[in-house]
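Secondary and tertiary structure notes
Here is how the chains run, residue by residue.
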Amino acid sequence: MERSYEIPYPELGSVLGEQEIGVLTRLVTSGENLSGGRCREEFERCFREYLDVPYALSVTSGTVALEIAIRLLDLNEGDEVIATPQTYKASVQPLLNYPVKVRFCDVEPNTLNIDPGHFASLITSRTKAVILVHYGGLPCDMDAIMAIARRHGITVIEDCAHALGAEYRGRKPGALADIGCFSFHSSKNITTLGEGGMITLFDPALAERADRIRSNDADAVYRAQARTIGNTTSAHPWMLHPGTAFTHDCSTIRYGGTNATLAEPNAAVGTVQLAKLDRLVRRRAEIAAAYTDVLKQHPGVRMHEGPDPVRHAHHLYTFFADPADGILRDRLVSRLDALGVQMQLRYFPMHLLAEWRARGHAAGECPVAERLWFEQQVNLPCHPAMTDRQVGQVVSRLDTVLGQEARDQPIASVTTPTAEGWNR
């Protein structure tokens, strides 16, 4: 039987209400098409304007957005892609479908984002792209990363699943690199009824290809060529679905397309949610500030923060416990859990998952990410539906537990796992 927590870790990352119900009611009673209509166009337009990008294409999930973005790289055997290990598996799992070498880039100890210095050291003549994540909603050091990538002709894909509502030097994630990928899963800062995603681009040719892929068209190279096929008349062209059959020849086929159309109800809710985003992110920031205030009163903990000027979206609230100061992460987490604060650790290092170990990856590859996850990372519940009372309870219990940690010496009954053994 599942345990009930007084302060649960969120399953929903946003707040849904009467506005969402209203747009759904109007849509489903309107008799309009529920796929590929005006609601999708409106959601994409609002998203383009919010990010200030020329192209925003909605799809069925953040994972699908990443799959399409990776298709656009045209990867061949022997190519290399650099990726972060500090993420959810969807960020890198599509790469398992390609005969490429993935090089996992270690992270900065305070941000959990890829370390630009390590990124530069991993680049070879075969490097095609880097996939980065703005961990927890804290933007990466994009000026440094983009400068390195541009020198080497590397495509940069931003996984922005955590970062909607963040800012980096006055610009928004998804508009900082070549391709941006967003998720509107239930847990994210806004949701399109549980699943949904968006791809943002600057290159019109890539945008056209992405649109074809999501629309069940082949990702192919065509050339204009009038064709007479059979004796079909064009007297009733609205009845025909020939695509390019009468007008073009196909010289190259890269991939087949798929149906990744975001349904109209999802898109309608997405537009409402996007209008609420700044308010939702402000609430996350209020909760984060309350946590930070109490944490800064205790030695042996370190904040998850980067250099100014950035705006943290606080999709996750993360801090670090330092075992050198007697703050044992696993004991801290267990004590908070026992007091009714549900805890989660986000995310296990990707290169140590079984499928990536099967590809030759091993412990020691990203020592900073490994040390932080196995020994220091802590995630607290942080979502806009939390009440002031719940936030106050977390603050009080966090203060109590950190006080206990400061008084206690490390004890043999509390053991912290390490990355050792993950090479088997």
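Remember, predicted model here, so these are calculated numbers, not experimental data. (Residues numbered from 1 in each chain as written. Predicted model: local features only at pLDDT ≥ 70, side-chain atom pairs only at ≥ 80, totals over all residues. Heavy atoms only, no water.)

Within the protein chain one finds eleven helices and 14 strands. What you see for the protein chain is a C-alpha radius of gyration of 24 Å, in line with the 22 Å of a compact globule of 424 residues. Once the C-alpha set of the protein chain is aligned to its principal axes, its extents read approximately 90 × 55 × 45 Å. Residues counted as buried form 52% of the 424 residues belonging to the protein chain. Put simply, 76% of the contacts in the protein chain that link residues at least 6 apart link residues at least 24 apart. Surface accessibility of the protein chain: about 18,900 Å² in total, with carbon and sulfur atoms responsible for 50%. Within the protein chain, one finds 43 positive and 51 negative side-chain charges whose respective centroids are separated by 1 Å. (Helix = DSSP H or I, 4+ residues; strand = E, 2+ residues; numbered from the N terminus. Rg over C-alpha atoms; globule rule 2.2 N^0.38 Å. Buried < 20%, exposed > 50% of the residue type's maximum accessible area, 1.4 Å probe, protein only. Contact = heavy atoms within 4.5 Å. Areas by Shrake-Rupley, 256 points an atom, 1.4 Å probe, with all protein chains shown as cover. Lys, Arg positive; Asp, Glu negative; His and termini not counted. Charge placed at Lys NZ, Arg CZ, Asp CG, Glu CD.)

Time to look at the layout of surface pockets. Of the volumes computed, that of the largest pocket is approximately 800 Å³. Taken together, 40 residues make up the lining of the largest pocket; nearest its centre are His185, Ser187, Lys188, Arg346 and Tyr347. For the lining of the largest pocket, the secondary-structure elements that each account for two or more residues are helix 3 (62–71) and strand 7 (179–183). Split by domain, the lining of the largest pocket shows at least three residues from each of two domains, domain 1 (18–217 + 257–266) and domain 3 (277–406). By volume, the second largest pocket is sized at about 270 Å³. Looking at the second largest pocket, it is lined by 17 residues, and the ones nearest its centre are Thr292, His304, Glu305, His312 and His314. Sorting the residues of the lining of the second largest pocket by element identifies helix 7 (264–295) and strand 13 (317–321) as the ones contributing at least two each. (1 Å grid on protein atoms, 1.4 Å probe; cavity = no way out; pocket = protein on both sides within 12 Å on 5 of 7 lines; lining within 4 Å. Points joined across faces, edges and corners; volume = space filled by probe spheres on them. Domains from an automatic or database assignment.)

We now examine the sheet that holds strand 11 (residues 301–303). Strand order in this open sheet of three strands is 11-13-14, and the pairing throughout is antiparallel. What marks the edges here is a single partner per strand, and that holds for strand 11 and strand 14 (377–380). Sheet twist, expressed as the average angle between the axes of neighbouring strands with direction ignored, equals 35°. Summarising the sheet, strand 13 and strand 14 pair through four bridges and their orientation is antiparallel. Across the sheet, the residue bridging to phenylalanine 319 is valine 378, located in strand 14. (Pairing = 2+ DSSP bridges. Axes fitted to C-alpha atoms, helices over the stretch in contact; angles between N-to-C directions.)

Within the fold, glycine 326 resides in the loop between strand 13 and helix 8 (329–338). Put simply, glycine 326 and aspartate 408 are 82 residues apart on the chain and 7.4 Å apart in space, counted from C-alpha to C-alpha.

Okay, the pattern of salt bridges next. Scanning the entire structure with this criterion turns up 24 salt bridges. Among the ionic pairs, glutamate 6 bridges to arginine 397, the shortest N-O distance being 3.1 Å. Taken together, the residues span a long stretch of sequence, with glutamate 6 in the segment before helix 1 (18–28) and arginine 397 in helix 11 (residues 388–407) at a distance of 391 residues. A cluster of three or more residues bridged by salt bridges with shared partners is formed by Asp74, Arg209, Asp219 and Arg254. (Salt bridge = Lys/Arg side-chain N within 4 Å of Asp/Glu carboxyl O.)

Within the secondary structure layout, glutamate 370 lies in helix 10 (residues 367–376). Within the buried core, glutamate 370 has no salt-bridge partner, and the shortest N-O distance to an opposite charge, that of arginine 371, equals 8.9 Å. Excluding residues within four positions of it along the chain, glutamate 370 makes contact with Pro349, His351, Leu352, Ala362, Ala363, Gly364, Glu365 and Ala419.

Relative to the assigned elements, arginine 71 resides in helix 3. On a C-alpha basis, the gap between arginine 71 and aspartate 219 in space is 9.4 Å, while along the polypeptide they are 148 residues apart. Excluding its chain neighbours within four sequence positions, the residues that come into contact with arginine 71 are Tyr98, Arg209, Ile213, Tyr255, Gly256 and Gly257.

This paragraph deals with the packing of helix 2 (residues 38–51) against helix 7. Close contact between helix 2 and helix 7 brings their axes to 7 Å; oriented N to C, the two are set at 25°. The pairing of helix 2 with helix 7 is recorded here as roughly parallel in orientation. Taken as a pair, helix 2 and helix 7 cross one another with a handedness that is left-handed. Contacts between helix 2 and helix 7 involve Arg38, Cys39, Arg40, Glu42, Phe43, Cys46, Phe47 and Tyr50 on the former and, on the latter, Glu264, Ala267, Ala268, Gly270, Thr271, Leu274, Leu277 and Asp278. When grouped by side-chain class, the residues that make up the contact of helix 2 with helix 7 number nine nonpolar, two polar and five charged. (Parallel < 35°, antiparallel > 145°, perpendicular 65-115°, else oblique. Left-handed = near helix turned anticlockwise from the far one by under 90°. Nonpolar A, V, L, I, M, F, W, Y, C, P; charged D, E, K, R; others polar.)

A few words on helix 11. Look at helix 11: 29 Å from first C-alpha to last across 20 residues, which is about the 28 Å you get at 1.5 Å a residue. Of the residues making up helix 11, those classed as buried are Gln390, Val391, Gln393, Val394, Arg397, Leu398, Val401, Leu402, Gly403 and Glu405. In the core, the buried residues of helix 11 are packed alongside helix 7, strand 11, strand 13, helix 8 and strand 14. (Expected span 1.5 Å × (residues − 1).)

Moving on, we get to helix 8. In terms of burial, helix 8 is a largely internal element, seven of the ten residues being buried. Along helix 8, the positions that sit buried rather than exposed are Arg329, Asp330, Arg331, Leu332, Val333, Leu336 and Asp337. Buried-residue contacts for helix 8 involve strand 13, helix 10, strand 14 and helix 11. Two residues or fewer after helix 8 comes glycine 340, characterised by a positive phi angle close to 95°.

Moving on, we come to the domain arrangement of the protein chain. Entries for the protein chain in the domain assignment read domain 1 (18–217 + 257–266), domain 2 (219–255) and domain 3 (277–406). With centres defined by C-alpha atoms, the gap from domain 1 to domain 3 works out at 25 Å. Every contact between the two is made by 39 residues of domain 1 and, on the other side, 39 residues of domain 3. Between domain 1 and domain 3, roughly 3,300 Å² of surface is buried when both sides are summed, and carbon and sulfur atoms account for 60% of that area. (Buried area = accessible area lost by both parts, 1.4 Å probe.)

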